[in-house]
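# Structural features, examined
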Amino acid sequence: MPVFRIAEAALEIQQGHEVLRVEPWGADSARVRAARYRIPAESIGALDERPPSADDTVSVSVGDSSGVLVHGELTVSAVHHWDQVRLTFTRTSTGEELLAEQTRGWQGNRTGVYEAQQRFAAYPGERLYGLGQHAHGRLDHKGLRLDLVQRNGEVSIPFVLSSRGYGLLWNVPALGSVEFAENGTCWTADQTREIDYWITAAPTPKEILARYADATGHAPELPEWASGFWQCKLRYRTQDELLAVAREHRRRGLPMSVIVTDYFHWSAMGDYRFDEAEWPDPKAMVDELADLGVELMVSVWPTVSPLSENYAAFRDRGLLLGSDQGAEFHHLVQDKGMATQMPVAVYDPTNPDTRSFVWDLIRRNYLDLGIRVFWLDACEPELVPAHPANLTLYAGPGAQATNVFPRDNARLFAEGMAAAGQPGTVLLSRSAWAGAQKYGAAVWSGDIPATWDSLRRQVRAGLSIAVSGIPWWTTDIGGFQGGDPDDSGYRELMIRWFQYGAFCPLFRLHGDREPRMPWGHAQTGGPNEVWSYGEEAYEILSAHLHLRERLRPYLHGQMRTASEHGTPPMRPLFVDFPHDQAAWTVDDQFMFGPDILVAPVTTPGASERQVHLPEGVTWTDAWTGREHAGGATVTAHAPIERIPVFVAQGADVLGLFTPAEPAHR
């Protein structure tokens, strides 16, 4: 028989070689840890510190073959079933079952670590949201199997919000998978020393997201400059080229907050400084941009070339990712000074010495010039070939720890900025893990195609990552891979994508436009400025630049809410309208704060679309002023110059949609 005991405010069970611990972890929430022999003393997951909650809401009781922990709205019952103790989670006030364990499985490999599986019951009609960012085109993950691994465009954040009224974080950063089958849910870690998950029974989706932020960290407040327009193309090759674009924006009266110096601006990967041949006076460039009210963002890759002036120091101090087998090179690049593609190494941000060493280079070569915005590209990390289990990290073997790489990469820069006495910044990252938001990580959706299908998928992907705790998100407007500015069909796609982007948390134009070039340091990409797409498109794009400017004060209010309460500014309808059953099924619309409903146009040639207006509110068409009762689906007119937008009754935002003055040509 298992032994049930009370340990402080926690419930502990010993059965044979398995130890199970259930402890309160924030209001209405609990952390569950299971291991063979003993719970590990350290964890590299996202649950660093226990959130504060009222101790008087916790009660623990045990019997001969059962135990119960009650914490606010969450009741955890532990019962012995034949060969194992299983947990059932119910809502305290109603007694309804939220989730129940079926079984845990451990498969050893004679190294002291295990392939671990945690199986839960499945429920008819349950919908499951979150899981980071994926390109499968679904908002509801029920019926899917997903790899728990970081890839370009596939961001693994193992948190789900259920329509049954709970949120669950799989706090195991190991490579693995999750399967939401009709007959059960199964989380698998390929290598781990423990099973570790967190669950909350907060009453509403907003409160679930608030508890999750309490547990994993709140995002800082978005800097004032970051809500404006970010201009980027594949690569501005020189200082003069970049400044010419910024000056042209000013001449035309077009707003801009950020412009980007992308990859290969460096002398060599791992030098972390400007190539003086192309960027002869970066301090003067930064100063001129500052006079224009523009921040310069620089691209920082974690790759280190063997030709870098810093390579020997990285190698000899043990600051690079290691290999379980083979050489310690994990990517292929034709960097400057290379006649062909060559293997390059990758630094290890889970090592505090690496974080200190890299930040010193960033501080001296970028921050001291006045650069305070960083683009953390290829931070999954991108591996060629993609064998993350072959890595070794300071945090542990690759199979156990690789998924935290992007989180700790953001940590490197956040800690460095704080140590330098700098205000918080935005770290544009291609990947993330649970807790990355507290370091100011913003995610974009990776190197996506420039197609209508891709645009449709981005809408779902952005809502998924918002539910996963990342309030700062964006896409490459227009897609990354391709797009001909002279093609009328692509111009239509660009307009619709730009309209959608104006309502994303970050508003950023980027892409490798035609004519494209082979991958390498000579790349530049075709034109990608708002005036590159013809006069008709320019009128529409410039109008939306000014619309975004008018929306910025409203957006900052929502960003404060995100920082304080964990509610992302862009979110699925069910977050605000959980009692509207249809809101749980709508996956191509979103709320932009509590007052603005946005319905992107994602079909070529469309001039109208169907829009669900949630019940309980009267809605006003932002462009026509026509009112509609909630709880209905309406046909919204969508001529090429506008995106369907509806405003909740009583909201003081209708004036933001007044057309702007025409931009200068």
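Scroll up a little and you will see the structure.
None of these values were measured; they are calculated from a predicted model.

## Quick word on the side chain of threonine 474
Tracing the backbone shows threonine 474 in strand β30 (residues 473–474). At 3.0 Å, the side chain of threonine 474 forms a polar contact with the backbone oxygen of leucine 506. Those residues in contact with threonine 474 that sit more than four places away from it in its chain are Leu428, Val443, Trp444, Ser445, Leu506, Phe507 and Arg508.

## Here we look at empty space enclosed by the protein
Enumeration over the complete set of coordinates arrives at 3 cavities of 30 Å³ or more. There is about 100 Å³ of room inside the largest cavity. Along the walls of the largest cavity sit 15 residues, with Ala213, Gln437, Gly469, Pro471 and Gly566 positioned nearest its centre. Lining of the second largest cavity is provided by Leu99, Phe120, Leu128, Val160, Tyr166, Leu168, Phe180, Thr185 and Trp187. When grouped by side-chain class, the residues that make up the lining of the second largest cavity number 8 nonpolar, 1 polar and no charged.

## Describing the pattern of salt bridges
Any two side chains of opposite charge can pair, so long as their charged atoms come close to each other. All told, the structure shown has 48 salt bridges when counted by the stated rule. One salt bridge in this structure joins arginine 31 and aspartate 196, with 2.7 Å as the shortest N-O distance. With arginine 31 in strand β4 (residues 29–36) and aspartate 196 in strand β17 (residues 194–200), the pair connects residues that are 165 residues apart, well separated along the chain. We note that arginine 31, like aspartate 196, is buried. Here glutamate 96 makes a salt bridge to arginine 91, at a shortest N to O gap of 3.6 Å. Owing to a relative accessible area of 38%, glutamate 96 belongs among the partly exposed residues under this scheme. Salt bridges here are not isolated pairs; linked through shared partners, they connect Arg5, Glu12, Arg21, Glu23 and Arg50.

## Topic: the environment of arginine 247
Tracing the backbone through its elements, the reader meets arginine 247 in helix α2 (residues 239–252). C-alpha separation for the pair arginine 247 and glycine 525, spaced 278 residues apart in sequence, amounts to 20 Å. Not counting residues within four places of it along the chain, the set of residues in contact with arginine 247 comprises Glu288 and Leu292.

The rules behind these values
- Residues numbered from 1 in each chain as written.
- Predicted model: local features only at pLDDT ≥ 70, side-chain atom pairs only at ≥ 80, totals over all residues.
- Heavy atoms only, no water.
- Helix = DSSP H or I, 4+ residues; strand = E, 2+ residues; numbered from the N terminus.
- Polar contact = N/O pair within 3.5 Å; in protein donor to acceptor, adjacent residues only side chain to side chain.
- Contact = heavy atoms within 4.5 Å.
- 1 Å grid on protein atoms, 1.4 Å probe; cavity = no way out; pocket = protein on both sides within 12 Å on 5 of 7 lines; lining within 4 Å.
- Points joined across faces, edges and corners; volume = space filled by probe spheres on them.
- Nonpolar A, V, L, I, M, F, W, Y, C, P; charged D, E, K, R; others polar.
- Salt bridge = Lys/Arg side-chain N within 4 Å of Asp/Glu carboxyl O.
- Buried < 20%, exposed > 50% of the residue type's maximum accessible area, 1.4 Å probe, protein only.

The quantities given are spatial measurements derived from coordinates; they are silent on function.
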